[in-house]
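In case you want the letters, here they are:
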Amino acid sequence: MRSSLFSLPPPKEHAQLLHARRPDLYKDANHKPELAIALTPFEALLGFRSPKHIASFVQGEPMGCVPELLEVVGNECLSDLVSVSQLVEDEDNASIAIKAAYQKLMRTDEQKVACLVNQLRDRLLQGEQLQFSVPDNINLSELADVFIRLSTQFPGDVGCFSLFFLNYIKLETGQAVFLEANLPHAYLSGDCVECMACSDNVVRAGLTPKYKDVDCLLSMLQYDPRTADDLIFPGESRPVELPAAGPWLSDTEITSRLPTPQVTRFAPPVEDFAVDKLLIPPSCRAFELLALPCASILVFITGSGFLQHIPPKLANDTAEKQSVSINTNSSGFPVDAQAAGRVHQVL
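As recorded in an unreviewed UniProt entry, the protein goes by the name mannose-6-phosphate isomerase, listed as coming from Paragonimus westermani. In its Sequence similarities (unreviewed entry) section, the UniProt record describing the protein reads: "Belongs to the mannose-6-phosphate isomerase type 1 family." Heading Catalytic activity (unreviewed entry) of the UniProt record for the protein holds this comment: "D-mannose 6-phosphate = D-fructose 6-phosphate".

## Looking at the overall build of the protein
Per the secondary structure count, the protein includes 9 helices and 14 strands. The proportion of buried residues among the 347 residues of the protein is 46%. For the protein, the share of sequence-separated contacts (at least 6 apart) that also reach a separation of at least 24 residues comes to 73%. Taken as a whole, the protein presents about 18200 Å² of accessible surface, with 52% of it coming from carbon and sulfur.

## Side note on the UniProt feature "active site" (unreviewed entry) in the protein
The UniProt feature table records "active site" (unreviewed entry) at Arg-204. Assignment of secondary structure puts Arg-204 in strand E8 (residues 203-206). For Arg-204, a relative accessible area of 16% corresponds to the buried category.

## Let's talk about the packing of helix H2 (residues 51-58) against helix H3 (residues 67-85)
Close contact between H2 and H3 brings their axes to 9 Å; oriented N to C, the two are set at 140°. Between H2 and H3, the angle is such that the two are oblique. Regarding H2 and H3, the two cross each other, and that crossing is left-handed. When H2 is examined against H3, the residues Pro-51, Lys-52, Ile-54, Ala-55, Phe-57 and Val-58 are found in contact with a partner set consisting of Leu-69, Leu-70, Val-73, Leu-78, Leu-81, Val-82, Val-84 and Ser-85.

## So, the packing of aromatic side chains
Counted according to the given criterion, the structure contains 8 aromatic pairs. Aromatic side chains Phe-48 and Tyr-223 sit 5.3 Å apart centroid to centroid with 25° between the ring planes, which places their arrangement in the stacked category. With a gap of 175 residues between them, Phe-48 in strand E3 (residues 42-48) and Tyr-223 in the loop between helix H7 (214-220) and helix H8 (228-231) connect regions that are remote in the sequence. In terms of burial, Phe-48 and Tyr-223 fall into one category: buried. By way of ring pairs, the aromatic residues Phe-48, Tyr-102, Phe-165 and Tyr-223 are connected into one cluster.

## Here's the deal with helix H4 (residues 91-106)
With 16 residues, H4 ought to run about 22 Å at 1.5 Å a step, and its terminal C-alpha atoms sit 22 Å apart, in line with that. Looking at H4, one finds that the buried residues are Ala-94, Ser-95, Ala-97, Ile-98, Ala-101, Tyr-102, Gln-103, Leu-105 and Met-106.

## Points about the sheet that holds strand E7 (residues 192-196)
Taking strand neighbours across the sheet as the criterion, the 3 strands line up as E5-E2-E7 in an open arrangement whose pairing is antiparallel. Unpaired on one side and paired on the other, strand E5 (176-179) and E7 mark the two borders of the sheet. Strand-to-strand twist across the sheet, computed as the mean angle between neighbouring axes with direction ignored, equals 15°. Bridge analysis of strand E2 (residues 34-38) against E7 gives 5 bridges, and the strand direction is antiparallel. For Ile-37, the partnering residue across the bridge sits in E7 and is Val-193.

Analysis parameters
Residues numbered from 1 in each chain as written. Predicted model: local features only at pLDDT ≥ 70, side-chain atom pairs only at ≥ 80, totals over all residues. Heavy atoms only, no water. UniProt positions renumbered as here; feature names shortened; annotations may be inferred. Helix = DSSP H or I, 4+ residues; strand = E, 2+ residues; numbered from the N terminus. Buried < 20%, exposed > 50% of the residue type's maximum accessible area, 1.4 Å probe, protein only. Contact = heavy atoms within 4.5 Å. Areas by Shrake-Rupley, 256 points an atom, 1.4 Å probe, with all protein chains shown as cover. Axes fitted to C-alpha atoms, helices over the stretch in contact; angles between N-to-C directions. Parallel < 35°, antiparallel > 145°, perpendicular 65-115°, else oblique. Left-handed = near helix turned anticlockwise from the far one by under 90°. Phe/Tyr/Trp six-rings, centres within 6.5 Å; stacked < 30°, edge-to-face > 60°. Expected span 1.5 Å × (residues − 1). Pairing = 2+ DSSP bridges.

Shown next as structure tokens:
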């Protein structure tokens, strides 16, 4: 299980203010949108649940609830969550109710919160179940297991209660999420490819031993309710166009590539980055990677082959060309890259 982190990426205007105010903590003035693509089954908390979902965890008798959470949030905030959850498409009031309840939680005395977090963990470890009415088939047993993991890794941390405020998302391999500015998140377990803007700025508030800037985070958070389905970021799949025959690829080599490789492009609505996932079939003998008009990184996840750099102005296939052999082990990371001699095909 990887370390958790409850945080959010700041937008550029906030990043500039944070850097000017605390350059020791916020090292640059750039924003930090992020894209995470799962390499394994992946767990995360992302974006706020609906008021109806949050209220179902806090609701008192006879509905049942998480009493430790009710003690922190209080009846007034609960009443607002219940009231707004009965309205149709009232996102403004929904955000206001969520904000009030969440700020009440995050600003509660740390010792009181720690006591309640540990109390709930102990109850669950002793075999008590979360048993009450929840909407949309929320798996309470699964949430209980996640809470035990979080509260064991971060005893008494207020971020553990965020499990009941934020969407619990399980990604399958190849699925992605995009972390836009001010969207709260915590990665809980699994491996991913993470691509982000050029920045080290993160505003943290829980599930971390690092500095927590709670007031700053609460003032920036995006409190709009989201659904788990809304937060999955789809990639656009398309076949790779075959290159024309030339000095490096003969007609025979081109036709031997069928079936063609596939590329899935994850292009979030920012100018800073995009990620292409390339799937090259074993039957593909040669594949040409065209140069991009920007900096880029090529990461091999699984498989083996030769990677060859072809100088753009060489006119024949007998010239010296630098090549490396690439192999990946079962964990999916490159383990071998060594120089090769003359290679007469692009791989």
